[in-house]
Amino acid sequence: MKGKLILEDGSVFHGELLNNIKATGEVVFNTGMVGYQESLTDPSYCRQILTLTYPLVGNYGIADIFMQSRKSFVNGFIIGELCEHGSNWHYEMSLAEFLTKQGVPCLYNVDTRAVTRKIRSAGTMKGIIVPEDAAQTEIDELFAVPIKKDVVMEVTTPESYTLDSDKEDAPFVVAMDFGVKLNILKSMQDMGMKITVVPAHTKAEDILALDPDGIFLSNGPGDPADVPEIVEEVKKLIGKKPIFGICLGHQLLARAMGAKTYKLKFGHRGTNQPVKDLRTGKVQISSQNHGFAVDEESLKGLPLEVTHINVNDGTVEGMRHTELPIFSVQYHPEAAPGPDDNMYLFDEFWAMLKKGE
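Residues numbered from 1 in each chain as written. Predicted model: local features only at pLDDT ≥ 70, side-chain atom pairs only at ≥ 80, totals over all residues. Heavy atoms only, no water.

**Some details on the packing of aromatic side chains**
Applying the stated criterion to the full structure yields 6 aromatic pairs. With a centroid separation of 4.4 Å and an interplanar angle of 10 degrees, the aromatic rings of Phe 244 and Phe 327 are classed as stacked. Residue Phe 244 is located in strand β14 (residues 243-246), and its partner Phe 327 is located in strand β19 (residues 326-329); the two are separated by 83 residues in the primary sequence. When the ring of Phe 244 is compared with that of Phe 346, the centres are 6.1 Å apart and the planes differ by 80 degrees; the resulting orientation is edge-to-face. With Phe 244 in strand β14 and Phe 346 in helix α10 (residues 344-355), this pair connects stretches of sequence that are 102 residues apart. With relative accessibility at 0%, the residue Phe 244 sits in the buried group. The ring centre of Phe 73 lies 4.5 Å from the NZ or CZ of Lys 71, which sits over that ring. (Phe/Tyr/Trp six-rings, centres within 6.5 Å; stacked < 30°, edge-to-face > 60°. Helix = DSSP H or I, 4+ residues; strand = E, 2+ residues; numbered from the N terminus. Buried < 20%, exposed > 50% of the residue type's maximum accessible area, 1.4 Å probe, protein only. Lys NZ or Arg CZ within 6 Å of the ring centre and 35° of its normal.)

Structure representation (structure tokens):
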């Protein structure tokens, strides 16, 4: 059936509705050419309407091995061509079947380039997906629904679990799950780390009682300013154990140290984001998914130094403590999908854990 995306500034983009499910959320875009399943199941997109700039989507189907969380948390999906038949030896179901099974509203045959250009110029904004003939009263009611802010608690694991290692001298890491991608955990486990994943609301004293060699602060959705109670727990961990943070974990760590964060105009989302390592001068291509960033000015006077910057806009992409074994990055070293230029960061975490033995 015919459908449309309406942005809060009144812009309208027409297409076809895969299923008659309406949606409300913050409209964002991803510039990756592959990885639609990983993006759909990345918890960092929780309650957002995801637009893919690449025009052909679904051409290699869906397979369980590419899942990055227990389900899809996106509120809606905007794409160009919806490919009906996937070609991949891992193929288990079509993208359309997956979206229907997950209950994800999808609008396809959309000019996603036009949607992206609008967001790039006007900034990220609220939007809704409705049938073409939706009544104005229904549209007004959908726009009146506020986007909830308790996104971390929606995506975090409901209970702790452990990923074992077959290495006798495996370092033990406690990972705070703010919406972790499974491939991050897999990357650390493949190195030989033993990992206990705990819910986002776990108290610092309970984490320290496990006596880990290090603590990992995961990626996740939303504004770090909306979870001050988590920031307070992270504060209690500083100086106790080595800490590595990624994405939201990076932002929470910065706030715990006294820095500020702010919302980007349209965020960084895709598998082709250039990052410069200020320590080596090298530029690596990274996979990213975030709408907030650490305020570099607010780092002045704190025992933190910037280690990485975004080549496109100069924003902070990494930092480290000047005295303690603590560091973090804004992007995803594990990619999934994307380049593996930044896997060395897991090596740095490993070396930090071993040094503390």
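On we go.
**Regarding helix α3 (residues 112-122)**
Turning to α3, its buried residues are Thr 112, Val 115, Thr 116 and Ile 119. Down the axis of α3, the smallest arc covering the buried residues is 95 degrees, so these residues share one side. Opposite the packed face of α3, turned more than 90 degrees from it, sit the exposed residues Arg 113, Arg 117 and Ser 121. Phi for Gly 123, located one or two positions after α3, is positive at around 95 degrees. (Arc of directions from axis to C-beta.)

**A closer look at the pattern of salt bridges**
Summed over the entire model, instances satisfying the criterion amount to 17 salt bridges. We note a salt bridge from Lys 263 to Glu 26, for which the minimum N-O separation is 2.5 Å. Of this pair, Lys 263 sits in strand β15 (residues 261-277) while Glu 26 sits in strand β3 (residues 23-30), and the two are 237 residues apart along the sequence. Residue classification places Lys 263 among the partly exposed positions, given a relative accessible area of 45%. Here Arg 47 makes a salt bridge to Asp 150, at a shortest N to O gap of 3.0 Å. You can see Arg 47 sitting in the loop between α1 (36-40) and β4 (48-52) and its partner Asp 150 sitting in the loop between α4 (136-144) and α5 (151-155), a full 103 residues away along the chain. Overall, the relative accessible area of 13% leaves Arg 47 in the buried class. What makes Asp 150 partly exposed here is its relative accessible area of 46%. (Salt bridge = Lys/Arg side-chain N within 4 Å of Asp/Glu carboxyl O.)

**Some words on the side chain of His 250**
Looking at where His 250 falls in the secondary structure, it is placed in helix α9 (residues 248-256). Discounting chain neighbours no more than four positions away, the residues touching His 250 are Gly 245, Val 294, Val 316, Gly 318, Met 319, Ser 328, Val 329 and Gln 330. (Contact = heavy atoms within 4.5 Å.)

**What to know about the packing of helix α8 (residues 228-237) against α9**
Geometrically, a packed helix pair is captured by the angle between its two axes and the distance between the axes. With their axes 8 Å apart at the nearest point, α8 and α9 run at an angle of 70 degrees to one another. The pairing of α8 with α9 is recorded here as roughly perpendicular in orientation. Contacts from Ile 230, Val 231, Val 234 and Lys 235 in α8 reach Leu 252, Leu 253, Arg 255 and Ala 256 in α9. Here the residues of the contact of α8 with α9 are counted per class, giving 6 nonpolar, no polar and 2 charged. (Axes fitted to C-alpha atoms, helices over the stretch in contact; angles between N-to-C directions. Parallel < 35°, antiparallel > 145°, perpendicular 65-115°, else oblique. Nonpolar A, V, L, I, M, F, W, Y, C, P; charged D, E, K, R; others polar.)

**Quick notes on the sheet that holds strand β13 (residues 214-217)**
The mixed open sheet is built from 10 strands, whose spatial order is β10-β12-β11-β13-β14-β19-β18-β17-β15-β16. If you trace the sheet from one side to the other, it starts and ends with β10 (161-163) and β16 (283-294), each paired once. Neighbour-to-neighbour, the strand axes of this sheet turn through a mean angle of 25 degrees, independent of strand direction. Bridge count between β15 and β16: 10 bridges; the pairing is antiparallel. Bridged to Gln 273 within β16 is Ser 286. (Pairing = 2+ DSSP bridges.)

**A closer look at the side chain of Ser 39**
Mapped onto the fold, Ser 39 is located in helix α1. Other than its neighbours up to four places away in sequence, Ser 39 contacts Asn 30, Tyr 45, Leu 50 and Val 74.

**A look at unusual backbone geometry**
Even without being a glycine, Arg 47 presents a positive backbone phi close to 65 degrees. If you check the backbone angles, Asn 109 has positive phi at about 60 degrees while not being a glycine. Note on placement: Asn 109 falls in the loop between β8 (106-108) and α3.

**Topic: the environment of Met 67**
Within the fold, Met 67 resides in the loop between β5 (56-57) and β6 (76-78). Counting along the chain gives 181 residues from Met 67 to Leu 248, while the straight-line C-alpha distance between them is 20 Å. Aside from chain neighbours lying at most four places away, what touches Met 67 is Gln 37, Thr 41, Phe 98 and Leu 182.

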